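So the chains spell out like this:
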Amino acid sequence: MKLSRLELSGFKSFADTVEVVIGDGVTAIIGPNGCGKSNVSDAVRWVLGEHNPRVLRGARMEEVIFQGSSGRRASNVAEVSLFFDNDDRTLDLDFAEVVVTRRVSRSGDSEYLINNAQVTRRDLIATLAGTGLGTDQSVVIEARMVDALLSDRPDDRRALFEEAAGLGLYRDRKRSTERRLEETTADLVQVENLIA
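Criteria and cut-off values
- Residues numbered from 1 in each chain as written.
- Predicted model: local features only at pLDDT ≥ 70, side-chain atom pairs only at ≥ 80, totals over all residues.
- Heavy atoms only, no water.
- Salt bridge = Lys/Arg side-chain N within 4 Å of Asp/Glu carboxyl O.
- Buried < 20%, exposed > 50% of the residue type's maximum accessible area, 1.4 Å probe, protein only.
- Helix = DSSP H or I, 4+ residues; strand = E, 2+ residues; numbered from the N terminus.
- Pairing = 2+ DSSP bridges.
- Axes fitted to C-alpha atoms, helices over the stretch in contact; angles between N-to-C directions.
- Contact = heavy atoms within 4.5 Å.
- Core = buried A, V, L, I, M, F, W, Y, C linked by side-chain atoms within 4.5 Å.

We now examine the pattern of salt bridges. The full count for this structure, using the stated rule, is eight salt bridges. Residue Arg-89 is joined to Asp-94 by a salt bridge in which the shortest nitrogen-to-oxygen separation is 3.5 Å. Among the residues examined, Arg-89 registers a relative accessible area of 36% and is labelled partly exposed. On the basis of relative accessible area, Asp-94 is assigned to the exposed category, the value being 66%.

And the structure:
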């Protein structure tokens, strides 16, 4: 599986539709300050299910929609699509190309799509599980992550290696199971009280 292309429209500084073609061997996006490098990395994180606006360098999720400028009106919708070559069927979908899209409007409507079929965020994350993609994966390496890797603190390095190994999926499943066990225990206590 390989990311072949990225399309952004109305996302942060990208008012118009922009297509970024990812050729073989391209592994970095470079450019001067203020040209949108961080917005491209935010777009990738966002379309893969990131829902914490602080991770996307904002206070509210609506801030991912182009806010307008002196010469341009604000956009009403932000949309980002990732195009994956899935010939090897890394994604368990019967498509040679898989398009993952996320769209949000100013009214707050938000949707995820896989090959133009609407899915929930949970479905998207389940589809991406085990592929090395997802909000808890080091899909986008930023300068601050390199600093953490080179840090003297073993906890910082360990967290990055665990992320790269895909342990976040299992950590989330463990937390979810523990939460359900706590709820079941509380329900049992209530049943015992009613019986008594």
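Alright, that's what it looks like, and here's the rest.
Inspection of the secondary structure assignment puts Asp-123 in helix 2 (residues 121-128). Judged by relative accessible area, which is 39%, Asp-123 ranks as partly exposed. Once the C-alpha coordinates of Asp-123 and Leu-113 are considered, the two residues, ten residues apart in sequence, prove to be 9.9 Å apart.

With that out of the way, let us pick up the sheet that holds strand 2 (residues 18-21). Adjacent strands of a sheet pair through backbone hydrogen bonds, lying either parallel or antiparallel. If you walk across this open sheet you meet the six strands as 2-1-3-4-5-6, and the pairing is antiparallel. Each edge of the open sheet carries a strand with a single partner, namely strand 2 and strand 6 (117-119). Along the sheet, successive strands turn relative to each other by an average axial angle of 20°, direction set aside. Of the strands in this sheet, strand 1 (2-9), strand 3 (77-85), strand 4 (97-105) and strand 5 (110-114) are in contact with helix 1 (residues 37-47), which crosses strand 3 at around 80°.

Here the focus is the nonpolar core. By size, the foremost hydrophobic cluster in this structure holds 27 residues, and its most contacted members are Phe-11, Trp-46, Val-64 and Val-80. Listing elements by their share of this core, those giving two or more residues are strand 1, helix 1, strand 3, strand 4, strand 5 and helix 2. Among the elements that line this core, the one with the most residues is helix 1, at five residues.

What follows concerns the environment of Arg-106. One can find Arg-106 in the loop between strand 4 and strand 5. The class of Arg-106 is partly exposed, set by a relative accessible area of 33%. Separated by 44 residues in the primary sequence, Arg-106 and Glu-62 place their C-alpha atoms 6.4 Å from one another. The residues contacting Arg-106, other than those within four sequence positions of it, are Glu-62, Ile-65, Phe-66, Gln-67, Ala-74, Ser-75 and Asn-76.

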